[in-house]
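Residues per chain are reported as follows:
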There are 2 protein chains.
Amino acid sequence: MAATLKDVAERAGVSRSAVSRTFTDGASVSIKMRRKVEKAAQELGYSPNFLARSLTTRRTKLIGLISNNFHNPIFLEVFDLFTRKLQESGLRPLLVNLSDETDPQNSVRMLQQYSVDGVVVASSTLPPEFSKAFRDAGVPVVNSFGRYSAAPQVHVVGIDNAECGRMAARELVKRGYRKVAFLGGPESATSTQDRFSGFVNALANHPDVTVTQSFAEAYSFDAGRKEMQRLLDADRPAEAYFCGDDVLSIGVLSAIEDAGLKVPDDVGIIGLNDMEMAGWESINLTTIRQPIAQIINSSVELMVAMLDEPDRYPEARLFSCKIIERGTLRPKT
Amino acid sequence: MAATLKDVAERAGVSRSAVSRTFTDGASVSIKMRRKVEKAAQELGYSPNFLARSLTTRRTKLIGLISNNFHNPIFLEVFDLFTRKLQESGLRPLLVNLSDETDPQNSVRMLQQYSVDGVVVASSTLPPEFSKAFRDAGVPVVNSFGRYSAAPQVHVVGIDNAECGRMAARELVKRGYRKVAFLGGPESATSTQDRFSGFVNALANHPDVTVTQSFAEAYSFDAGRKEMQRLLDADRPAEAYFCGDDVLSIGVLSAIEDAGLKVPDDVGIIGLNDMEMAGWESINLTTIRQPIAQIINSSVELMVAMLDEPDRYPEARLFSCKIIERGTLRPKT
DNA sequence: ACATTTTTTGCAACCGGTTGCAAAAACTGA
DNA sequence: TCAGTTTTTGCAACCGGTTGCAAAAAATGT
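Here the structure is a predicted model, which means the values were calculated and not measured.

Colleague: How would you sum up the domain arrangement of chain A? Please name residues and give values.
Modeller: Domain boundaries assigned for chain A yield domain 1 (5-48), domain 2 (62-160 + 292-319) and domain 3 (161-290). Put simply, the middle of domain 1 of chain A and the middle of domain 3 of chain A, counted by C-alpha atoms, are 62 Å apart.

So this is what it looks like as structure tokens:
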């Protein structure tokens with residue numbers, strides 16, 4: 001079928017090694033030899049088989065891109081950026097959907113069978129066992145959007161979720177809200193836990209501000225909407241909510257609107273992520289921007305570095321977030 | 001590092017072939033032998049290297065999943081479903097982002113280097129040359145969401161876009177709209193062309209109905225919003241619009257709302273896709289549902305069939321769409 | 001022109017598997 | 001028990017590449 005090394009060698013009348021060398025950079029080939037080989041290769045439409053090559057080089061340039069989040073539109077941006085940046089770096093993403101996988105060992109085995117050079121875990125909700133399992137198997141891992149920890153076990157690139165919580169809290173206080181609430185994603189997600197603790201911490205110095213909390217089942221529109229409806233049925237709403245993320249916020253907004261309340265006059269909302277949709281005029285969500293492009297670029301750079309230095313000491317790379325003011329919080333007084 | 005066939009063979013005190021055979025189903029191994037080998041493999045944590053295997057079997061179980069659409073949220077659903085279904089079928093998606101690739105040959109070469117068993121082109125906007133290039137290179141291709149044609153050159157799974165156009169037209173007429181418009185995606189996309197021609201055709205029998213048309217730059221919120229703003233500045237709007245897809249429709253809705261007009265009282269909108277978001281209460285878009293899960297399942301099944309029968313005669317598999325009535329068209333009179 | 005150094009080339013073994021073939025082992029039936 | 005048949009096993013070649021090593025060729029210095 002497709003031409004092989006041998007075919008090219010025969011056609012050019014040279015040894016197989018010569019052909020191999022013309023296609024591996026850094027190898028010693030004379031210019032005349034290279035010409036001859038390239039000509040033959042051209043005529044046969046030859047290009048080297050990466051997988052055969054990987055057998056000896058032990059490099060496939062395949063990177064497992066694993067996630068369990070295929071319902072939050074922000075992840076489309078994430079996949080877009082990851083695939084682009086990986087491609088630019090000469091790597092290829094093997095996409096793995098872990099939505100209904102619970103055993104890390106399965107994923108590890110699967111990815112080992114494909115000899116991936118490394119794994120990017122792109123999720124803020126996947127249990128940390130997954131990243132650890134890869135590390136334990138000796139596969140380089142970067143956990144993007146993962147939990148920051150002072151002594152990270154695996155490489156983490158993301159934001160300081162606790163700081164985001166504090167940031168949201170300060171912003172709400174600054175705008176004069178005195179009855180605020182946290183409406184998080186699933187309580188089991190580390191991102192939710194950290195945002196919550198930061199939020200509460202920052203409010204500890206403000207005895208005049210009361211805080212309540214609740215958790216949606218997922219980072220999704222429906223979950224946000226449902227949770228907010230529940231809250232509205234049960235109680236008078238708080239004056240302002242820090243929501244787990246943007247898509248959750250949009251669900252919350254929808255519930256508020258249905259209840260006949262006005263944003264930001266009756267209720268304030270601040271989200272997190274600044275996904276594309278947050279800027280849509282009909283949504284116009286005030287939110288904390290997570291610099292996803294930077295996180296992803298840095299993740300890939302880190303991965304590239306790790307390919308050369310697998311035992312690199314685990315580090316945490318955190319990016320700062322900033323508030324994007326739109327129309328869902330009342331103006332500063 | 002990881003245990004190899006040879007390690008297992010030595011540990012079990014048998015030949016390498018014996019080990020190989022225990023891990024290839026359909027091979028002849030006695031039960032005793034199998035036990036011995038499995039024990040040794042277990043102890044060493046061995047599992048076979050798929051890529052080495054592929055060298056002789058000529059099967060990698062890698063499928064190129066290529067798309068250029070990383071901005072339309074519907075594609076997150078598409079990726080979710082594709083990855084799941086491929087995984088279920090024992091295949092692995094190698095994700096390729098063709099957003100800024102213009103030369104089909106590059107993609108073909110790249111995927112050949114990874115010896116993919118086949119390629120799924122998941123896009124309604126990628127030029128047909130891409131699919132053709134794969135076919136010409138002898139790589140099995142399925143074009144999902146591609147253009148239907150009576151004599152397809154490659155396997156196509158999707159919907160009959162012209163029929164959708166007719167369906168939209170009939171629906172608008174039925175609801176008494178007499179001044180209707182088509183607001184498509186990019187004019188170069190075959191899906192847009194077909195939807196448009198179907199729409200116009202169906203209206204040919206209705207001399208009392210006037211049609212106008214325009215095209216947004218992309219299937220995106222911004223493009224839809226911008227195009228609608230342009231229309232509103234230039235003219236009185238039509239009574240109802242058939243929009244290229246849902247995300248475009250949402251942009252259009254946003255422009256209409258900003259202009260102080262009411263939907264469906266002042267302007268009617270019908271979209272296409274029925275993406276998750278179309279059902280959000282704050283959007284509540286009447287739309288034509290494209291059965292994406294069926295399309296994707298069928299695409300993967302077709303791909304699996306092609307792996308066994310590469311020269312299968314190209315077929316087109318079309319699924320019918322149906323109108324999902326929500327709140328953006330006025331009620332039937 | 002020659003000896004010396006440097007560069008280029010081919011040989012052969014290897015990466016981690018599979019598989020056709022023939023020998024060995026295990027069954028059959030009488 | 002033994003010849004005949006069937007099943008299981010190992011050998012060795014192969015898949016499509018890479019690479020250490022030594023020999024061949026080219027470049028260098030005098």
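Colleague: Would you mind going over the packing of helix α5 (residues 74-88) of chain A against helix α5 (residues 74-88) of chain B in detail, with residue names and values included?
Modeller: Where α5 of chain A meets α5 of chain B, the axes come as close as 8 Å, and the angle between the chain directions of the two elements is 70°. When the axes of α5 of chain A and α5 of chain B are compared, the pair comes out roughly perpendicular. Contacts between α5 of chain A and α5 of chain B involve Phe75, Leu76 and Phe79 of chain A from the first element and Phe75, Leu76 and Phe79 of chain B from the second. Among the residues making up the contact of α5 of chain A with α5 of chain B, the classes are represented as six nonpolar, no polar and no charged.

Colleague: Account for the protein's contact with DNA strand D, naming residues and giving values.
Modeller: The local shell around DNA strand D holds 28 residues, among which Arg16, Ser20 and Arg53 of chain A together with Arg21 and Arg58 of chain B are the closest. In the interface set of DNA strand D, defined as its atoms within 4 Å of the protein, sugar plus phosphate atoms amount to 61%. The separation between a phosphate oxygen of DNA strand D and a polar side-chain atom of arginine 53 of chain A is 2.5 Å. Contacts to DNA strand D include serine 15 of chain B, whose side-chain N or O atom sits 2.9 Å from a phosphate oxygen. When residues of the surface near DNA strand D are traced back to their parent elements, those giving at least two are α2 (16-22) and α4 (50-57) of chain A together with α2 (16-22) and α4 (50-57) of chain B. With five residues, α4 of chain A is the largest single contributor of residues to the surface near DNA strand D. Class assignment for the residues of the surface near DNA strand D results in 10 nonpolar, 13 polar and five charged.

Colleague: Talk me through the nonpolar core; I want residue IDs and the actual numbers.
Modeller: With 151 residues, the main nonpolar core has Tyr241 of chain A together with Tyr241 of chain B as its most contacted residues. Discounting chain neighbours no more than four positions away, the residues touching tyrosine 241 of chain A are Ala181, Leu183, Met228, Leu231, Val267, Gly268, Ile269 and Ile270 of chain A. Within the second largest apolar cluster, 40 residues are counted, among which are Phe134 of chain A together with Phe50, Leu111 and Phe130 of chain B.

Colleague: Pulling in residues and values, what's your account of helix α10 (residues 221-234) of chain A?
Modeller: Residues and elements named next belong to chain A. In this model α10 runs 20 Å from its N-terminal to its C-terminal C-alpha over 14 residues, within 8% of the 20 Å that 1.5 Å per residue would give. Within α10, the full set of buried residues consists of Phe221, Ala223, Gly224, Arg225, Glu227, Met228, Leu231 and Leu232. Tucked into the core, α10 has its buried residues touching β6 (179-184), β7 (210-215), β8 (240-243) and α11 (246-258).

About the cut-offs
- Residues numbered from 1 in each chain as written.
- Chains lettered and ligands numbered in written order.
- Predicted model: local features only at pLDDT ≥ 70, side-chain atom pairs only at ≥ 80, totals over all residues.
- Heavy atoms only, no water.
- Domains from an automatic or database assignment.
- Axes fitted to C-alpha atoms, helices over the stretch in contact; angles between N-to-C directions.
- Helix = DSSP H or I, 4+ residues; strand = E, 2+ residues; numbered from the N terminus.
- Parallel < 35°, antiparallel > 145°, perpendicular 65-115°, else oblique.
- Contact = heavy atoms within 4.5 Å.
- Nonpolar A, V, L, I, M, F, W, Y, C, P; charged D, E, K, R; others polar.
- Near = heavy atom within 4 Å.
- Polar contact = N/O pair within 3.5 Å; in protein donor to acceptor, adjacent residues only side chain to side chain.
- Core = buried A, V, L, I, M, F, W, Y, C linked by side-chain atoms within 4.5 Å.
- Buried < 20%, exposed > 50% of the residue type's maximum accessible area, 1.4 Å probe, protein only.
- Expected span 1.5 Å × (residues − 1).

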